[in-house]
Amino acid sequence: MVVEGAVAERLLDDFRLLLGAGVELVGVDRERLADPVGEGGLGAHGTVDDPGRQKGLRPTGGVGAVGTRPVRPETDPYRGAFAERSRTPRMEFAAFAERAERLAAEPADIETTRLVADLLAAAGGRGKSDDLATVTRFLLGRVFPAHDTRTLDVGPALCREAIARAAGPNVGAADVEERLAEAGEIGAVAAGFDFGGQRGLAAFGEGRDRLTVAAVDAALRELAADAGDGSESRKRDALFGLFNRCEPAEAKLLARLVLGEMRLGVGEGTVRDAIAEAFLAEASADDGKEGNDGDDPTLRARDEAAAAVERALQVTNDYGRVAVLARDEGLAGLRAEGLAVGRPVQAMLAQAGTATDAVEAFGEVAVETKFDGARVQVHYVPESAAEGGEGLGPRVYSRNMDDVTDALPEVVEYVEARVSVPVILDGEVVAVDDDGDPLPFQEVLRRFRRKHDVDRMREEVGLRLHAFDCLHADGEDLLDEPLRARHDLLVDVLPDAAASVEFADDPEAIEVAEAAALDAGHEGVMLKNPDAAYTPGDRGRDWLKRKPDVETLDAVVVGAEWGEGRRAELFGTFLLGVGAGDDEFATIGKVATGLTDEALADLTERLKPHVVSEDGTEIEIRPEAVLEVGYEEIQTSPTYSSGYALRFPRFVGVRDDKSVGDADSLERVARLAGDGAE
DNA sequence: GCTGATGCGTC
DNA sequence: GTCGGAC
DNA sequence: GTCCGACGACGCATCAGC
C-alpha cells in the first residue's frame with residue numbers, strides 16, 4: 001500500500017481525534033478500531049467531502065427550495081449529512097464483491113431488485129453506518145453522482161498498468177493486454193492475478209487489513225482530486241496500492257468500478273426500485289391492508305414509493321443521496337426535494353417515432369424543429385426579480401447536468417437580455433454561421449466544453465440557443481403542466497425568441513414541416529403530445545423524434561477488433577473501407593451495432609481465415625466481405641484515411657452479391673458528403 | 001513549446 | 001447517439 | 001415497454017515525454 005503524505009497525516013489526525021474525543025477504548029467493538037487504524041482511516045472521516053476540494057462548482061439546492069429563491073452554487077447540501085459520519089462498522093469491500101457476484105448471476109428482474117434492496121439495507125441499516133450512499137453509487141459504477149464535475153481520470157490504459165504492477169515484476173502491460181484479449185473483460189483479468197489479498201499489510205491490527213467500501217471510496221476520491229504534474233503516476237500508484245490489497249473478487253469489482261463498467265445487470269431502474277423496496281416498505285405496508293386485485297392498495301403504495309424515489313432522483317440526480325434520504329426521512333423527505341432554480345433537473349428524452357405514430361397517439365401533434373446541437377438547461381433569477389436576496393446569473397447546464405456556463409457566453413447574454421423573471425428553460429444550443437444558418441454538429445463540439453480562448457472561438461463559431469420548454473417561470477413549477485401551457489409561458493418569458501411550435505393533426509402536414517426543417521439544415525422534427533407533462537429523465541412516448549430514414553453505403557471490411565463482455569469470443573467491431581482505386585481502400589469508420597448475435601458469429605467465422613495480422617487489439621483483414629452500412633450523416637474526419645467518417649454507423653446486412661470491387665468508392669462518398677444529393 | 005496518448009462528455 | 005437481447 | 005450493455009465519431013483538456 002502506498003500512503004501519501006496527506007493521507008498519513010489525516011490518519012494520525014483521525015486517531016488523535018478518536019482519542020481526544022474521549023472515546024472509550026475499553027469495551028469498544030474491535031471493528032470500530034479496526035477501521036480507522038487497520039485500513040488507514042481512509043474512509044473514517046468526512047473530509048473527503050469537503051466542498052473546497054472540488055474542481056468545479058456544485059450548484060445545488062437546499063431541501064425543499066421550491067420557488068424563486070435562487071440557490072447559490074457555493075452551498076453544499078451534502079455537508080450536513082457527511083459531517084455526522086459515524087465511526088461504526090463498515091461494509092467490507094469483499095462483502096460487497098460477494099453480493100455483486102450473486103447479482104451478476106441472477107437473471108430475473110424481480111429477484112435482482114430484491115438482492116439490490118438487501119444489499120442497500122445491509123450497507124445502511126439505519127444509524128449503523130453510512131456506507132449506503134457509497135454502495136448505491138458503486139452499484140452503478142460511479143464514485144461521484146452524475147451531477148458532480150469530479151472525475152477519476154483513470155481509463156483502461158492506466159487501469160491496465162496498475163494491474164500489471166500489482167501482479168508482480170514478471171507481468172507487464174502487454175501481458176495484461178493479452179489476457180484482456182482472452183478474457184474480454186478487465187474484471188476477469190484483474191481477478192486472474194494473485195495480488196496478495198490481505199497478506200500485504202498483515203502487520204497492522206492482527207492481519208485485519210481488509211478493504212472496506214468506505215476505504216475504497218475515500219481512496220478513489222483522493223485519486224480524483226489529484227491533478228497536475230506527476231498525477232498520472234500518483235494515480236497509478238494509488239490504484240496499485242488498492243489492487244495490492246484485493247482478493248480476486250475484490251480486484252474484479254475494483255477494476256470495473258474505476259472504469260464505470262459494473263456489468264451486474266443492475267442499472268438505474270433497478271436501483272431506483274430497490275431503494276423504494278429497501279426503505280419505503282413500511283410506507284407501503286401501512287397503506288396496504290387488504291388486497292383487491294383491481295386497485296391493490298399495497299401495489300398503489302409501492303408505486304407511490306417508487307414515484308417519490310424517482311422524483312427525488314430527477315431533481316438531484318444523486319442515487320446515493322436519494323437512498324439516504326429515503327432511509328432517513330422516508331416519503332416526506334423525498335417529496336420535499338423539489339424543483340429549485342439553480343439546481344439542474346434531468347432532461348426529458350424522446351423515442352423515435354413517425355408522423356403517423358404521433359397522430360395516432362396524440363390526435364393533435366405539437367411539431368417542433370429538431371436541432372442538431374447540444375441540449376442545455378438554463379437557470380436564471382434576474383436581480384430585479386429576486387425576492388429580497390440577490391439574483392442568480394444565468395447558469396447553463398448540459399444534459400448530464402454539468403455546468404457549461406463559461407463556455408457559452410452567448411447563451412448567458414441572450415437570456416440576460418430578454419428574461420425578467422426567474423426561469424428554468426430547456427433548449428438546444430446550435431452552432432451558426434454569420435448568416436445565422438446552422439453549422440454541422442462538429443462545430444458545436446468545438447465550443448461546448450471549451451475552457452480556453454472562448455472569446456476568440458466565439459468569433460469563429462457562433463452559438464444560438466433555441467429554447468423550447470419552460471420548467472419554471474416566476475415562482476411557478478411547471479413540470480406537471482401540459483406542454484401547451486408550458487409553451488405559452490415560454491413565449492411569455494422569452495417574447496421574441498422562443499422556438500416555434502406548430503400544431504398538426506394529419507401526417508401529411510407533419511411531413512411538410514419535416515421537409516421544411518431538413519431544408520433549413522436541421523436534423524428533423526420533434527413530435528410532442530401537447531397535453532403531456534414534463535417527465536424528467538423519462539424517454540417516454542410523449543415526445544417522439546423523427547429523422548430522415550437512414551442512408552446506406554456498401555463498404556469493405558478491412559479490419560476488426562475483438563469484442564468485450566458478451567462479445568468476448570467474437571469480433572466486436574469491423575473497420576470499413578471504401579474503394580480508392582487500384583485495389584486500395586480508404587478507411588471510413590467502424591461499425592459495431594446492428595448485428596444480431598447470429599450475424600456477428602457468422603461474420604467472425606467467415607472473416608477469421610482472412611486475418612492478415614494481429615497487433616494488440618487491431619486486426620487487419622484482407623478485403624473480402626462487403627457490408628451494407630446505415631448512417632445518419634457523412635462527416636469530415638481527422639481520423640480515417642478517406643478523410644470522412646460515418647455518423648452513427650450501423651450494420652444493415654452482408655452484401656453477398658457484391659465483390660469488394662463493387663463496393664462504394666471514395667469518390668461517391670465525397671459526392672454524398674458534398675450536398676447529400678448525387 | 002510541441003506532439004501524442006488518454007480520458008471525458010457531447011451526439 | 002444506435003441497436004439487439006432479455007424480461 | 002423498459003432496462004441493460006456493447007458499441008460508433010468527434011473535439012477539448014490534461015498529462016507525459018521529447
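Nothing here was measured: the structure is a model prediction, and the numbers come from that model. Once a new chain begins, its residue numbering starts again from 1 and follows that chain's sequence as written. Labels are handed out in written order, letters beginning with A for the chains and numbers beginning with 1 for the ligands. In keeping with the predicted nature of the model, local features appear solely for residues at pLDDT of at least 70, side-chain atom pairs appear and are counted solely at 80 or more, and the whole-chain, interface and lining totals rest on all residues. Working from all heavy atoms in the structure, the side-chain values ignore hydrogens and water.

Any residue with a heavy atom lying within 4 Å of a molecule or strand is counted as near it. Around DNA strand B, 19 residues are found, and the nearest of them are G155, R375, S398, N400 and R449. In DNA strand B, the atoms that sit within 4 Å of the protein are 89% sugar and phosphate, with bases accounting for the remainder. Between N or O atoms, a polar contact is any pair within 3.5 Å; within protein, one atom must be a potential hydrogen donor and the other a potential acceptor, and residues adjacent in sequence are included only when both atoms are from side chains. Contacts to DNA strand B include A157, whose backbone N or O atom sits 3.2 Å from a phosphate oxygen. Here a phosphate oxygen of DNA strand B and a backbone polar atom of R375 are 2.9 Å apart.

As a further point, take the UniProt feature "binding site: ATP" (unreviewed entry) in chain A. UniProt positions are given in the numbering used here, feature names are shortened, and annotations may be inferred rather than shown by experiment. UniProt annotation of "binding site: ATP" (unreviewed entry) refers to E368, R375, R399, E428, F468, R539 and K545 when read in the numbering used here. Here a strand is any run of E in DSSP of at least two residues, a helix any run of H or I of at least four, and the numbering for each starts at the N terminus. In this structure, E428 sits in strand β5 (residues 423–432). Judged by relative accessible area, which is 12%, E428 ranks as buried. Two residues form a contact once any of their heavy atoms are found within 4.5 Å. Look past the residues within four positions of E428 in its chain and what remains in contact with it is F371, D372, G373, A374, R375, V376, R464, L465, H466 and F468. Engagement of the side chain of E428 in a polar contact is seen with the backbone nitrogen of A374, the distance being 3.4 Å. The residue F468 is located in strand β6 (residues 462–473) in this model. Sequence-distant contacts of F468, defined by excluding residues within four places in its chain, comprise E368, R375, D426, G427, E428, H487, L490, A499, K528 and W543. Think of it in three bands: residues with accessible area under 20% of the maximum for their type are buried, residues over 50% are exposed, and the middle band is partly exposed, with areas taken using a 1.4 Å probe on protein chains only.

Here we take up the protein's contact with DNA strand C. Near DNA strand C there are 13 residues, and of these R399, T593, G594, D597 and R650 occur at the shortest range. Within 4 Å of the protein, atoms of DNA strand C come from sugar and phosphate in 91% of cases. Residue G594 places a main-chain N or O atom 3.2 Å away from a phosphate oxygen belonging to DNA strand C. Take R650: an N or O atom from its side chain is 2.8 Å from a phosphate oxygen of DNA strand C. Class assignment of the residues belonging to the surface near DNA strand C gives a composition of 3 nonpolar, 3 polar and 7 charged. Amino acids outside the nonpolar list (Ala, Val, Leu, Ile, Met, Phe, Trp, Tyr, Cys, Pro) and the charged list (Asp, Glu, Lys, Arg) are all regarded as polar, and Gly is one of them.

Here we take up the nonpolar core. Grouping buried Ala, Val, Leu, Ile, Met, Phe, Trp, Tyr and Cys residues that are joined through side-chain atoms within 4.5 Å yields what is termed a nonpolar core. Counting residues in hydrophobic clusters, the biggest one holds 76 residues, and the most contacted among them are F96, I163, F195, L220 and F243. The start and end points of each domain follow an automatic or database-based domain assignment. Three or more residues apiece are contributed to this core by two domains, here domain 2 (93–259) and domain 3 (268–336). Excluding residues within four positions of it along the chain, F195 makes contact with I163, A166, A167, A190, F243, N244, C246 and A251.

Now for the packing of helix α5 (residues 109–123) against helix α6 (residues 132–139). Only C-alpha atoms enter the line fits that serve as axes; for helices the fit covers just the stretch in contact. Angles between N-to-C directions range over 0 to 180 degrees. Axis separation between α5 and α6 bottoms out at 8 Å; the angle between their running directions is 150 degrees. What the angle tells us is that α5 and α6 run roughly antiparallel. For the pair α5 and α6, the crossing hand works out as right-handed. Contacts from V116, L119, L120 and A123 of α5 reach α6 at L132, V135, T136 and L139. Just so you know how the angles are binned, under 35 degrees is roughly parallel, over 145 roughly antiparallel, 65 to 115 roughly perpendicular, and the rest oblique. Crossings are classed by handedness, with left-handed meaning an anticlockwise turn of the near helix from the far one by less than a right angle and right-handed meaning a clockwise turn.

This part covers the sheet that holds β6. Two strands qualify as a pair provided DSSP detects at least 2 bridges between them. Spatially, 5 strands are ordered β4-β3-β5-β6-β7 in an open sheet, and the strand pairing comes out antiparallel. With partners counted over all chains shown, the strands left at the sheet margins are β4 (392–398) and β7 (476–477), one partner each. Alignment of β5 against β6, held across 10 bridges, turns out to be antiparallel. Looking at the pairing, D426 lines up with D469 of β6. Its contacts with the sheet put helix α18 (residues 409–418) on β3 (374–381), β4, β5 and β6, and the angle it makes with β6 is roughly 50 degrees.

Once that is clear, we can look at helix α4 (residues 93–105). What a helix should span is 1.5 Å times the count of its residues minus one. Between its first and last C-alpha, α4 extends 18 Å over 13 residues, near the 18 Å set by a 1.5 Å rise per residue. Where α4 is buried, its residues contact α5, α6, α10 (213–225) and α12 (248–259).

This brings us to the side chain of R137. Along the chain, the position of R137 falls in helix α6. Excluding residues within four positions of it along the chain, R137 makes contact with R142, V143, F144, P145, R221, D318, G320 and R321.

Once that is clear, we can look at the environment of T573. Of note, T573 is situated in strand β12 (residues 571–579). Separated by 12 residues in sequence, T573 and E561 place their C-alpha atoms 5.2 Å apart. Setting aside chain neighbours within four positions, we find T573 in contact with G559, A560, E561, K590, V591 and A592.

We now examine the sheet that holds strand β8 (residues 501–504). One open sheet accounts for 5 strands, arranged β1-β10-β9-β2-β8; its pairing is mixed. The open sheet has two free edges, formed respectively by β1 (351–352) and β8, since each of these has just one partner strand. Bridging between strand β9 (residues 524–528) and strand β10 (residues 543–546) involves 4 bridges; their strand directions are antiparallel. In the sheet register, K528 faces β10, and the bridge partner there is W543. Docked against the sheet, helix α22 (residues 507–519) engages β2 (365–370), β8, β9 and β10, running at close to 140 degrees with respect to β9.

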